Structures are given as structure tokens and as C-alpha cells.
Amino acid sequence: MFSVLVLGATSALAYAAAAVAQRMAALRAAGPRGVGLRRSGAWWVAVLLNGLGAVLHTAALRYGSLVAVQMLGVLTLVAAPLLSSGVLRQRMTSAQWVGTALTVAGVVGLLALVPSAGESRTLDAGELVGVGLLTAGAMGVAVVVAAAARSVTVASLAYAAAAGVAFAAASALAQTAVLRVTGAGSGTVVSSVLVAGGVLFLAPAGLLLCQLAYRGGLEAPLATVTLVNPVFAVVIGVAALGDRYATGPLTVAAGLVAAVAAARGVFLLARAETLGAPEGSRPQVAAPGGHFWGIRLRRSTTVTVGATSEPRR
């Protein structure tokens, strides 16, 4: 258990630092002389920190259950605003502190009510296909909502939700891979290929979706990722790993209270970031679609992903 705590907590700190670096990269890309992410030092720092966090997170999955390790990710939501305040020199408002506290309390409450029901085990080929379809469906809905949104805040939260789903599924697959490599699990060649392919796709996809989400701020998208990640991990546990959780009236009621608290926290963070932005400094989504890697933003009332947006005359 000690190994899980140390590895999980250190991973959360690495992810928090990566989130701040990604937010810095998004701010620099959106400036009047914004550059593409490939030329942003903050972006490459974020990539390295995310890689470090992933390695530590994967190691923690060797010693603990999927839900238990995901629960430690809540520390990211606590550490990131503190790091952001120091690095970006932006003081958190009282509304942001309250929103962060509510989100953390809600996530901890939800996870405390649904502890892992069994020891870690690997996914077989059929379960891997099921997890893949479930993940694709959830991510697809979130990305469509983001692409159709006219508000950058809504798009940001939708991209963050998709990233949370991607990270949760990648963690489930990574746990299967680690257990097989260390001899604690077994599987066929086909299932091993599915695991490797899933991790190699989902991990970068989550990183890129987070970068899109951080165009709308830091705290609210990060809170959304932190909330969706463990919740979707619980869904995977129930749907594929055979986990079973208490469903008594008191448990359900407490779970609803925790969910409302977390949702209220995300709402407060999103509203605080929107109201706290200077007039005209927060771009609006003009059109969906485009190519992420070529993001280049200018000071304008519109943003186009994959192409240069023209200032409104």
C-alpha cells in the first residue's frame, strides 16, 4: 500500500506540473505573436512531465487496484492551482478556492463510496474489445459536443471530459500490460496487441485533448479531467473487471450528494475563469474541426483550429 501511495502521489504532482506547462503553452499560442506548439518550450516540458507521470502511474498500477490508483489523481487538482499561482503569477480567487474544494470533496466522496471490490486482474480479448467500444463511444460524444459548441468554455470542458475518458481507459489497459509483464497475469498474443495499441493511441490522445481543453483555462478543465477519469475507471471496473459495489439507499444518496458537490465545483471554476478573463481576451470558437498539431491562435474574436483566424474588421 505504501508503494501505491508514494508512486501515485508523485505521479499526481508530475501531472499537475504538466497541466500548468500545457496551460502556459496554450497562453503563448494565443498571444498576439503566438507560435505553434512544436516551437513552444512549455509544450515539450509538458510532454516530458506527462511521460514521467505516466511511468509512475503505471508503476503504481502494479501494486494497487485501478480505482485506488485513480483516486490519488485528485492530488493533481490540489497541486496544479498552487503551482499555477506561482508560475503564472495569477492569484486564485475565493470562488476558485471554493470550486476546487467542492470538486476535491466530491471526487473523494464518490471514490470512497466505491472502493475496489477485488484485486487487480487482467482483461481478456473480449473484455478489451468491450472497453474499446465503450471508450470510443464516450470519447466520440464528448468530442462531437466540443466541436459543435459555440462557447469556448463548453468546448473546453467537453474536450477535458474526453481526455478523462482516454486516460482512464489507458490506465486500465496499462494495468493489464504491467501485470502480464511482471508475471501476475496472462493473455493471448491478440489481446497483448490490443493492449499495446490501445495504450499507444489513448495516452497521446488524452494529452492532445487536454491541450485543447486548456485553451479555456486551467482549473475547470483540470477539475473535469480529474472527475471523469476515476468515474470512468469505476465504469470499466463494473463493466469489464467484475467489480461490484454497494447500492443501498444510503450509499446512493451519499453518492448523489458527492456528485452534486463535484459538479458544482466544476461550475464555479468555469464561471470564475470566464468572469475573471479581461474583455476580449478569451477567444470564442468560430468553427469546429481542423488539425490540432498546427494550432496557431491570434488575438481575435474567433479561433480556428488548423488554420489562421482573421481578425474581425
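The notes below deal with the structure included here. (Residues numbered from 1 in each chain as written. Predicted model: local features only at pLDDT ≥ 70, side-chain atom pairs only at ≥ 80, totals over all residues. Heavy atoms only, no water.)

This part covers the overall build of the protein. Tallying secondary structure elements over the protein gives 10 helices and 2 strands in all. Secondary structure of the protein in N-to-C order comes out as α-α-α-α-α-α-α-α-α-α-β-β. The 313 residues of the protein split such that 49% are buried. Intrachain contacts of the protein at a sequence separation of at least 6 include 79% that bridge at least 24 residues. Total accessible area computed for the protein in this model is approximately 14,500 Å², and 69% of it derives from carbon and sulfur atoms. (Helix = DSSP H or I, 4+ residues; strand = E, 2+ residues; numbered from the N terminus. Buried < 20%, exposed > 50% of the residue type's maximum accessible area, 1.4 Å probe, protein only. Contact = heavy atoms within 4.5 Å. Areas by Shrake-Rupley, 256 points an atom, 1.4 Å probe, with all protein chains shown as cover.)

With 69 residues, the main nonpolar core has Y159, L202 and I236 as its most contacted residues. With 16 residues, helix α7 (residues 152–181) is the largest single contributor of residues to this core. Not counting the four nearest positions on each side in its chain, Y159 is found in contact with A146, A147, L209, L212, A213 and R215. (Core = buried A, V, L, I, M, F, W, Y, C linked by side-chain atoms within 4.5 Å.)

There is a patch of nonpolar side chains on the surface, built from V129, L133, V190 and L194 and spanning about 380 Å² of accessible area. Sorting the residues of the nonpolar patch by element identifies α6 (125–148) and α8 (189–213) as the ones contributing at least two each. With respect to the helices and strands, L133 occurs in helix α6. (Patch = residues over 30% accessible without salt bridge, like charges linked within 9 Å, V, L, I, M, F, W, Y side chains within 5 Å. Salt bridge = Lys/Arg side-chain N within 4 Å of Asp/Glu carboxyl O.)

Attention shifts here to the packing of helix α4 (residues 74–87) against helix α9 (residues 219–239). In contact at an axis separation of 9 Å, α4 and α9 are set at 165° when each is read in the N-to-C sense. With respect to their mutual orientation, α4 and α9 come out roughly antiparallel. Once α4 is placed against α9, the crossing between them reads as right-handed. In this structure, α4 uses V74, T76, L77, A80 and P81 to contact α9, whose residues at the interface are E219, L222, A223 and T226. Of the residues belonging to the contact of α4 with α9, the class tally is 6 nonpolar, 2 polar and 1 charged. (Axes fitted to C-alpha atoms, helices over the stretch in contact; angles between N-to-C directions. Parallel < 35°, antiparallel > 145°, perpendicular 65-115°, else oblique. Left-handed = near helix turned anticlockwise from the far one by under 90°. Nonpolar A, V, L, I, M, F, W, Y, C, P; charged D, E, K, R; others polar.)

Take the packing of α6 against α9 next. Contact geometry of α6 with α9 gives a least axis separation of 11 Å together with a crossing angle of 145°. Relative to α9, the crossing made by α6 is right-handed. On the side of α6, the interface is formed by V131, L134, T135 and A138, while α9 contributes F232, V235 and I236. Within the contact of α6 with α9, the residues separate by chemical class into 6 nonpolar, 1 polar and no charged.

An ideal rise of 1.5 Å per residue puts 30 Å on 21 residues; α9 measures up with 30 Å between its terminal C-alpha atoms. With 17 of 21 residues buried, α9 lies mostly within the body of the structure. (Expected span 1.5 Å × (residues − 1).)

Let us now look at the environment of G106. Secondary-structure assignment places G106 in helix α5 (residues 94–113). A C-alpha to C-alpha distance of 7.8 Å links G106 and V257, two positions 151 residues apart in sequence. Beyond its immediate sequence surroundings of up to four residues, G106 is in contact with A258, A261 and A262.

Moving on to α8. Spanning 25 residues, α8 covers 36 Å between terminal C-alpha atoms, matching the ideal 36 Å at 1.5 Å per step. Within α8 the residues assigned to the buried category are S191, V195, G198, L202, A205, G206, L207, L209, C210, Q211, L212 and A213.

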